[in-house]
Amino acid sequence: MVDIHNLTFSYWRENKRGKNKYPLFDNLSLSLKSPNIYGLLGRNGAGKTTLLKIITGQLFKNYGEISVLGADPAKRLPGMLSRIYFLPEVFYLPSLRGYEYVKIHSPFYPEFSEEAFRKNSQEFDIDPDKRLNSLSYGQKKKFLIGFGLATRCSLIVFDEPTNGLDIPSKSQFRRLVSNSVQDNQTFIISTHQVRDLEHIIDPIIILDTGKVILNESMERISAELSMTIQRDEPEETNTLYSEKTLGGYAVIKKGPSGGEAIDIEILFNTVISNREKVIEIFNKNREDKNEA
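Residues numbered from 1 in each chain as written. Predicted model: local features only at pLDDT ≥ 70, side-chain atom pairs only at ≥ 80, totals over all residues. Heavy atoms only, no water.

Engineer: For this particular structure, what's the right way to read the overall build of the protein chain?
Structural biologist: A count of helices and strands for the protein chain gives 10 helices and 12 strands. Taking 19 Å as the expected radius of gyration for a compact globule of 292 residues, we find that the protein chain reaches 21 Å, a close match to that expectation. Considered along the principal axes of its C-alpha atoms, the protein chain spans approximately 60 × 50 × 50 Å. Classification of the 292 residues of the protein chain by burial places 48% in the buried group. When contacts within the protein chain are restricted to residue pairs at least 6 apart in sequence, those whose partners lie at least 24 apart make up 69%. Taken as a whole, the protein chain presents about 15100 Å² of accessible surface, with 47% of it coming from carbon and sulfur. Of the charged side chains in the protein chain, 38 are positive and 38 negative; the average position of the first set lies 6 Å away from that of the second. (Helix = DSSP H or I, 4+ residues; strand = E, 2+ residues; numbered from the N terminus. Rg over C-alpha atoms; globule rule 2.2 N^0.38 Å. Buried < 20%, exposed > 50% of the residue type's maximum accessible area, 1.4 Å probe, protein only. Contact = heavy atoms within 4.5 Å. Areas by Shrake-Rupley, 256 points an atom, 1.4 Å probe, with all protein chains shown as cover. Lys, Arg positive; Asp, Glu negative; His and termini not counted. Charge placed at Lys NZ, Arg CZ, Asp CG, Glu CD.)

Below you can see the structure in the form of structure tokens.
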């Protein structure tokens with residue numbers, strides 16, 4: 001579905017001294033398979049949106065190899081673009097009624113389903129007869145989410161989709177995405193709102209300092225790491241990460257989970273704060289399995 005090998009990408013910015021090069025990705029590699037709903041996590045400035053734009057053919061690599069749906073996204077082939085839907089965090093909607101927008105844009109997506117769009121609009125309580133520029137930010141986003149899911153594209157990419165959604169709408173979003181994914185589809189959802197999505201995103205991708213430092217399923221993560229809640233502050237020698245919570249400390253340790261679900265936000269903090277140790281754990285066990 002998506003294969004990236006040794007991606008290098010830099011920005012050029014102008015200042016009083018001229019143009020300066022700002023490296024962002026350095027030999028980044030990533031492989032995504034279907035059907036999955038990947039959660040893309042990273043700190044501000046880690047490059048999540050840039051990576052999504054490279055994958056969807058809106059920005060171009062400096063070096064490396066990229067294959068998306070069997071094609072180079074930089075070539076922007078119509079056959080590839082018709083199988084990708086990308087909803088950015090910042091978007092513009094014209095002064096069109098919803099049904100007019102659908103009539104104009106749906107022909108670009110061969111698998112678009114009018115029936116699915118109708119159901120999505122009903123779920124989100126969006127009236128396609130209304131002018132899109134008259135809607136609130138949250139309503140606009142729900143319209144575009146509903147449209148995007150109805151495209152039935154092989155690759156659907158959402159950048160911060162729950163920003164601007166109220167609590168009921170976030171529940172509706174989770175339900176619609178969970179019910180929409182098909183065997184030939186891959187979703188990539190970039191988010192800072194981890195708790196809005198922790199029950200649907202799996203595998204988890206964590207991006208930091210120009211590299212993918214984690215790309216694992218929750219099953220694999222639970223086989224290598226465990227989280228417990230304990231009253232007393234944990235001993236550092238046995239702990240990868242701990243965080244003060246109500247009632248005690250959330251503690252991440254090496255070793256399989258004993259049934260306690262791993263909080264993705266705390267997992268993220270663990271990986272960022274103890275990066276080398278976490279990478280070592282996953283790489284070592286992967287090597288041991290390959291040798292076996």
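Having seen it, we continue.
Engineer: When you look at the pattern of salt bridges in this model, what are you seeing that I'm missing?
Structural biologist: Opposite charge on two side chains lets them pair, provided their charged atoms get close. For the coordinates displayed, the defined rule picks out 13 salt bridges. The salt bridge partner of D208 is R43, with a shortest N-O separation of 2.9 Å. Of this pair, D208 sits in strand β8 (residues 204-208) while R43 sits in the loop between β3 (36-42) and α1 (48-55); the two residues are 165 residues apart in sequence, bridging distant segments of the chain. When its relative accessible area of 40% is taken as the criterion, R43 is described as partly exposed. Among the ionic pairs, R220 bridges to E216, the shortest N-O distance being 3.1 Å. The buried category is assigned to R220, whose relative accessible area is 13%. (Salt bridge = Lys/Arg side-chain N within 4 Å of Asp/Glu carboxyl O.)

Engineer: I'm lost on the pairing of strand β7 (residues 186-190) in this one. Help?
Structural biologist: Side-chain positions along a regular strand alternate between the two faces of the sheet. Along β7, five of the five residues are buried, which leaves the element largely enclosed by surrounding structure. Where burial is concerned, the two faces of β7 agree: the one with T186, I188 and S190 and the one with F187 and I189 are both buried. Bridge analysis of β3 against β7 gives five bridges, and the strand direction is parallel. When the sheet's bridge partners are listed, N36 is paired in β7 with T186. In this sheet, β7 lies alongside strand β6 (residues 155-159) in parallel orientation, the contact comprising five bridges. Residue pairing in the sheet places L155 in a bridge with T186 of β7. As a crossover connection, the stretch from β6 through helix α6 (residues 167-180) into β7 is right-handed. (Pairing = 2+ DSSP bridges. Right-handed = clockwise from strand over helix to strand, strands pointing away.)

Engineer: So what exactly am I meant to see when it comes to the packing of helix α5 (residues 137-150) against α6 here?
Structural biologist: Each pair of packed helices gets described by two things: the angle between the helix axes and the distance between those axes. Remark: α5 packs on α6, axes separated minimally by 11 Å, with the N-to-C direction vectors making an angle of 5°. Judged by the inter-axis angle, α5 sits roughly parallel to α6. Where α5 abuts α6, its residues K142, I145 and L149 lie against S169, F173, L176, V177 and S180. Looking at side-chain class alone, the contact of α5 with α6 contains five nonpolar, two polar and one charged residues. (Axes fitted to C-alpha atoms, helices over the stretch in contact; angles between N-to-C directions. Parallel < 35°, antiparallel > 145°, perpendicular 65-115°, else oblique. Nonpolar A, V, L, I, M, F, W, Y, C, P; charged D, E, K, R; others polar.)

Engineer: When you look at the environment of K19 in this model, what are you seeing that I'm missing?
Structural biologist: Relative to the elements of secondary structure, K19 occurs in strand β2 (residues 18-32). The exposure class assigned to K19 is exposed, which follows from its relative accessible area of 58%. Each residue touching K19, except ones within four places of it in the same chain, is listed here: W12, R13 and E14.

Engineer: I would appreciate a short explanation of the sheet that holds strand β10 (residues 225-230) in the present structure.
Structural biologist: What holds strands together in a sheet is hydrogen bonding between their backbones, with the strands either parallel or antiparallel. Pairing is antiparallel in the open sheet, where three strands are placed in the order β10-β12-β11. The two strands at the open ends of the sheet, each matched to only one other strand, are β10 and β11 (241-245). The mean angle between the axes of side-by-side strands here comes to 20°, regardless of whether they run parallel or antiparallel. Both β11 and strand β12 (residues 248-254) contribute to a ladder of five bridges, which runs antiparallel. Of the residues in β12, the one forming a bridge with S242 is V251.

Engineer: Could you clarify how one ought to interpret the sheet that holds β2 in this entry?
Structural biologist: An order of β2-β1-β4 is seen for the three strands of this open sheet, with the pairing classed as antiparallel. With one partner strand each, in any of the chains shown, β2 and β4 (63-68) form the two edges of the open sheet. The average angle at which neighbouring strand axes cross in this sheet is 35°, direction not considered. Two strands pair when backbone bridges link them, and strand β1 (residues 2-15) and β2 are joined in this way by 11 bridges, in the antiparallel orientation.

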